[in-house]
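The lines below spell out each chain.
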Amino acid sequence: MTRFTVTKEDRKTNARCGRLKTKHFVVQTPNFMPVATQATVKTQSPADLKKIGVQIIICNTYHLMLRPSSSVINRLGGLHHFMNWERAILTDSGGFQAYSLTDLRKITDEGIEFSSHLDGSRHFLSPEIAVTVQEELKPDIAMCLDFFSSYPTEFLEARIAVERTVNWATRSLEVKKKSPYLA
Amino acid sequence: MIGEPPSLTAEMVDEVNEVIPPNKPRYLMGCGYPEDIVEAVGRGVDLFDCVLPTRNGRTGMAFTSHGKIIIKGSRYAADKAPLDKKCACYTCRNFSRAYLRHLFNAGEALAGRLVSYHNIYFYTKLMSDIRKHISSGTFATFSKKSKQKFDFRNP
């Protein structure tokens, strides 16, 4: 279970230091996560990252659910075992790439239907599926699927995006409660 | 964050941080350049991620204490100095700019690897410096100096 504690608040600015205690590592904040899109920080080995002092990395749910698939990663013991990284991992929801990388998207209150940028195959990502997929990846921190408006945007469009995201967050929480790994 | 001007991002960070609980971690996805990170930390952000250190590393752009270096430039052809004299990373302790430039020009895989290593080290060190300055109460001064010094965003 992830716990966050603020350990120091700056007097002159809003900066603060904290400790983010995750299953695999206690991350000191503020901190920066190198991006491991395909379960690798491009060109760097986990030993390199550890030597640098990296405490947490981010992996991309969209890319990993399409290749090699979350079920394969799950059978290999989850992301930590799959890529041999002992410290913290955050996975995103997959939403951003499903919006930005794919064609033929269909977005409803239920979720996002999209074509894979790899082979055009049809996939569906809902708040519930985003939680289930991340549960298989076994990160330290999972993100819930969000919906965002484009920039610039109109007030009404932004409002719909926020309302849909709040609704999706509630649905994500319902699935997470029943998850033995994430709960 | 993505596609917005930095001033608008700052404004939105302030808006959001006023309404979200202070005891929860705040994550600004996709941020950013070193100057953007320092700015956002001062507005209460705890976590960041960005492809810049690795993506730019693979194309030969290094983040250094004296600004950015495009290592392929002919001015580095015989430069014995490391990427960053002030940096203690493996790349800077062991290789010259001339060698790194040669690796890029020869299309060698080690080129992107060594500069990415340096860039991740630069970002990791920046975050550790930020934490030290918050802990010792000197963040405001550090932030002001850093923002004057860092100019990575501009081409």
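Here, every reference points to the structure presented above.
Residues numbered from 1 in each chain as written. Chains lettered and ligands numbered in written order. Predicted model: local features only at pLDDT ≥ 70, side-chain atom pairs only at ≥ 80, totals over all residues. Heavy atoms only, no water.

Q: For this particular structure, what's the right way to read the overall build of chain A?
A: Scanning chain A from terminus to terminus reveals 7 helices and 9 strands. A globule of 183 residues ought to have a C-alpha radius of gyration of about 16 Å, and chain A, at 17 Å, matches this closely. Expressed as lengths along the three principal axes of its C-alpha atoms, the size of chain A is roughly 45 × 45 × 35 Å. Within chain A, the proportion of its 183 residues that are buried is 46%. For chain A, the accessible area works out to roughly 9200 Å², and carbon and sulfur atoms hold 54% of it. Across chain A, the centroid of the 24 positively charged side chains sits 9 Å from that of the 19 negatively charged ones. (Helix = DSSP H or I, 4+ residues; strand = E, 2+ residues; numbered from the N terminus. Rg over C-alpha atoms; globule rule 2.2 N^0.38 Å. Buried < 20%, exposed > 50% of the residue type's maximum accessible area, 1.4 Å probe, protein only. Areas by Shrake-Rupley, 256 points an atom, 1.4 Å probe, with all protein chains shown as cover. Lys, Arg positive; Asp, Glu negative; His and termini not counted. Charge placed at Lys NZ, Arg CZ, Asp CG, Glu CD.)

Q: Sorry, what's going on with the pattern of salt bridges here?
A: Side-chain pairs of opposite charge can arise whenever the charged atoms involved come near each other. Counting across every chain of the model gives 15 salt bridges over all chains. Asp 48 of chain A serves as the salt-bridge partner of Arg 113 of chain B, at 2.7 Å between the closest nitrogen and oxygen. Here Asp 48 of chain A lies in helix α1 (residues 46–52) and Arg 113 of chain B lies in helix α6 (residues 109–135), a pairing that spans two chains. Take Asp 48 of chain A: its relative accessible area is 13%, and that puts it in the buried class. For Lys 147 of chain B, the salt bridge identified is with Glu 39 of chain B, shortest N-O distance 2.8 Å. Remark: Glu 39 of chain B occurs in helix α2 (residues 34–41) and Lys 147 of chain B occurs in helix α7 (residues 139–149); sequence separation between them is 108 residues. A relative accessible area of 23% means that Glu 39 of chain B is categorised as partly exposed. (Salt bridge = Lys/Arg side-chain N within 4 Å of Asp/Glu carboxyl O.)

Q: Sorry if this is basic, but what is going on with the layout of surface pockets here?
A: Vacant regions in the atomic arrangement are exposed by a probe of water-molecule size rolled over the atoms. Residue and element names in this part refer to chain B. Taken as a whole, the second largest pocket holds about 300 Å³ of empty space. Forming the walls of the second largest pocket are 14 residues, and the residues nearest its centre are Ser 65, Phe 122, Lys 125, Asp 129 and Lys 149. Mapped onto the lining of the second largest pocket, the elements with two or more residues apiece are α6 and α7. It is α6 that contributes the most residues to the lining of the second largest pocket, 5 residues altogether. For the lining of the second largest pocket, the class distribution of residues is 7 nonpolar, 2 polar and 5 charged. (1 Å grid on protein atoms, 1.4 Å probe; cavity = no way out; pocket = protein on both sides within 12 Å on 5 of 7 lines; lining within 4 Å. Points joined across faces, edges and corners; volume = space filled by probe spheres on them. Nonpolar A, V, L, I, M, F, W, Y, C, P; charged D, E, K, R; others polar.)

Q: Would you mind showing me how to read the sheet that holds strand β4 (residues 31–36) of chain A here?
A: Adjacent strands of a sheet pair through backbone hydrogen bonds, lying either parallel or antiparallel. As summarised here, the arrangement of the 5 strands in space is β6(A)-β5(A)-β4(A)-β2(B)-β1(B), forming an open sheet in which the pairing is parallel. Strands with a single pairing partner mark the edges of an open sheet, and in this sheet they are β6 (88–91) of chain A together with β1 (27–28) of chain B. As paired elements, β4 of chain A and strand β2 (residues 47–50) of chain B share 4 bridges and run parallel to each other. Residue pairing in the sheet places Pro 34 of chain A in a bridge with Cys 50 of chain B of β2 of chain B. Across the sheet, α6 of chain B touches β4 of chain A together with β2 of chain B, and the angle it forms with β4 of chain A is around 160 degrees. (Pairing = 2+ DSSP bridges. Contact = heavy atoms within 4.5 Å. Axes fitted to C-alpha atoms, helices over the stretch in contact; angles between N-to-C directions.)

Q: Help me understand a positive patch on the surface in this model?
A: Together, Lys 42 and Arg 67 of chain A together with Arg 55 and Arg 58 of chain B line one region of the surface with positive charge. The residue Arg 58 of chain B is located in helix α3 (residues 52–58) in this model. (Patch = residues over 30% accessible without salt bridge, like charges linked within 9 Å, V, L, I, M, F, W, Y side chains within 5 Å.)

Q: Sorry, what's going on with unusual backbone geometry here?
A: Leaving glycine out, the prevailing phi sign among residues is negative, and the prevailing peptide bond configuration is trans. Residue and element names in this part refer to chain A. Looking along the chain, the bond that leaves Arg 67 and enters Pro 68 is cis, with omega of 10 degrees. Positive phi, normally seen in glycine, also occurs at Ala 39, with a value near 60 degrees. With a relative accessible area of 9%, Ala 39 lands in the buried category. Here Ser 69, not a glycine, exhibits a phi torsion of approximately 100 degrees, which is positive.

Note that every value here comes from positions in space, so none of it alone points to a role or purpose.
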